[in-house]
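Read off the chains here:
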Amino acid sequence: MKIAISGTYSAGKTSTVMALAHYTGVPRTLARTIREILPETFPGKALSDVAPHEFLQLMLRRHSGRVAQEAALGEHFISDGSSLQEWLYGAGRVIHGMNPNATAGNEGGKVAELSPEMRFFAKVVDQYGHALKQHVKDTYDAYVHLQHELPIAADGHRPMNEAFRATIDTMLLRTLDELEIPYHVVSGSMPERLETIAGIFGLEPVMSPAEAIDLAWNDYGRQDFRMETERAAAA
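Note that the structure is a prediction, hence the values are computed from the model and not measured.

Undergrad: I'm lost on the overall build of the protein in this one. Help?
TA: In terms of regular secondary structure, the protein is built from ten helices and four strands. In the protein, the succession of helices and strands from N to C terminus is β-α-α-α-β-α-α-α-β-α-β-α-α-α. Within the protein, buried positions represent 49% of all 235 residues. Within the protein, residue pairs in contact and separated by at least 24 positions form 78% of the contacts whose partners lie at least 6 positions apart. Approximately 10,900 Å² of the protein is accessible, and the part contributed by carbon and sulfur atoms is 54%.

Here it is, written out as structure tokens:
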């Protein structure tokens, strides 16, 4: 079974996937994140500074990485999100701006008016959406959607716009309904998440939740969380 763990940023998606892979022994995808792709693609730029045409390249690179990982793992894996995220983060920027931080104080956290460039960006993202939705429909058997119960982590990378996060959440669940992909909404502590998800899919634990969580935090700690500009300078 191919399962995607979805949720907006700061929902604990990555750590849950890491722990779940240890807990069940099911392999997880290891596609690189936008945070990892950005410094080599646009050295010295933060995500908030990326222009619409540049964001399209990031979407494509992220999707390509996912596809390679999915193909390598075959028919049984857990994925940290899916290519729906790439489309949604683009579509969300049509509503909330390329830098959602800048619109967080607006009514509904939205842009007041679309520029000609953003109207064209919206058309391209919509076309990307058709292809990415079809890929996800053909690839995944089921989704687990994590409720965003935690505040946004102010790490300088994630957009600090709750309305943007809510838009992504709503659009994702609506799209899963549209694609008729079964999904389960899960919440709770990390041990509760692990036990609930394993129970839903009949996955047999190979270790305790506590052991899986410890291993996951070791994995998580090996990630490079420096700002894009810091890593570009170091390189």
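Undergrad: When you look at helix α6 (residues 116-139) in this model, what are you seeing that I'm missing?
TA: Given 3.6 residues to a turn, an α-helix orients residues that are three or four positions apart in the same direction. Spanning 24 residues, α6 covers 35 Å between terminal C-alpha atoms, matching the ideal 34 Å at 1.5 Å per step. What α6 keeps buried is the set M118, F121, V124, V125, G129, L132, K133, H135, V136 and T139. Tucked inside the fold, the buried residues of α6 contact β1 (2-6), α3 (52-73), β2 (77-80), α4 (83-96), β3 (142-146) and α7 (162-179).

Undergrad: Is there a simple way to explain the sheet that holds β3 in this structure?
TA: Two pairing modes exist for strands in a sheet, parallel and antiparallel, and in both the strands are linked by backbone hydrogen bonds. Pairing is parallel in the open sheet, where four strands are placed in the order β2-β1-β3-β4. The sheet terminates laterally at β2 and β4 (183-186), the two strands that pair on one side only. For this sheet, the mean angle separating the axes of adjacent strands, direction not counted, is 20°. Judged from the four bridges that link them, β3 and β4 form a sheet pairing that is parallel. Bridging from a neighbouring strand, V144 pairs with H184 of β4. Here helix α1 (residues 13-24) sits on the sheet and contacts β1, β2 and β3; the angle it forms with β2, its principal contact strand, is near 165°.

Undergrad: When you look at the nonpolar core in this model, what are you seeing that I'm missing?
TA: As a rule of thumb, soluble globular proteins bury nonpolar side chains together. Membership of the largest hydrophobic core comes to 35 residues, with the highest contact counts inside it found for F55, L58, L84, W87, F121 and Y143. Those elements that provide at least two residues to this core are α2 (34-41), α3, α4, α6 and α7.

Undergrad: Explain the packing of aromatic side chains here, please?
TA: Given two aromatic rings, their pairing is described by the distance between the two centres and the angle made by the two planes. Enumeration according to the criterion identifies four aromatic pairs in this entry. Centre to centre, the rings of Y140 and Y143 are 6.1 Å apart; their planes meet at 65°, and the pair counts as edge-to-face. Residue Y140 is classed as buried on the basis of its relative accessible area of 4%. Aromatic ring contacts, followed pair by pair, group F77, Y140 and Y143 into a single cluster. The residue whose ring lies beneath K133 is W87, and the NZ or CZ to ring-centre distance is 4.8 Å.

Undergrad: Help me understand the pairing of β1, please; the structure alone is not making it clear to me.
TA: Walk down a regular strand and you will see the side chains alternate between the two sheet faces. With five of its five residues buried, β1 lies for the most part within the structure. Neither face of β1 is open: one carries K2, A4 and S6, the other I3 and I5, and all of them are buried. As paired elements, β1 and β2 share four bridges and run parallel to each other. If you follow I5 over to β2, its bridge partner there is D80. As judged from the four bridges shared by β1 and β3, these two strands associate in the parallel manner. Residue pairing across strands places S6 opposite H145, the latter belonging to β3.

Conventions used here
- Residues numbered from 1 in each chain as written.
- Predicted model: local features only at pLDDT ≥ 70, side-chain atom pairs only at ≥ 80, totals over all residues.
- Heavy atoms only, no water.
- Helix = DSSP H or I, 4+ residues; strand = E, 2+ residues; numbered from the N terminus.
- Buried < 20%, exposed > 50% of the residue type's maximum accessible area, 1.4 Å probe, protein only.
- Contact = heavy atoms within 4.5 Å.
- Areas by Shrake-Rupley, 256 points an atom, 1.4 Å probe, with all protein chains shown as cover.
- Expected span 1.5 Å × (residues − 1).
- Pairing = 2+ DSSP bridges.
- Axes fitted to C-alpha atoms, helices over the stretch in contact; angles between N-to-C directions.
- Core = buried A, V, L, I, M, F, W, Y, C linked by side-chain atoms within 4.5 Å.
- Phe/Tyr/Trp six-rings, centres within 6.5 Å; stacked < 30°, edge-to-face > 60°.
- Lys NZ or Arg CZ within 6 Å of the ring centre and 35° of its normal.

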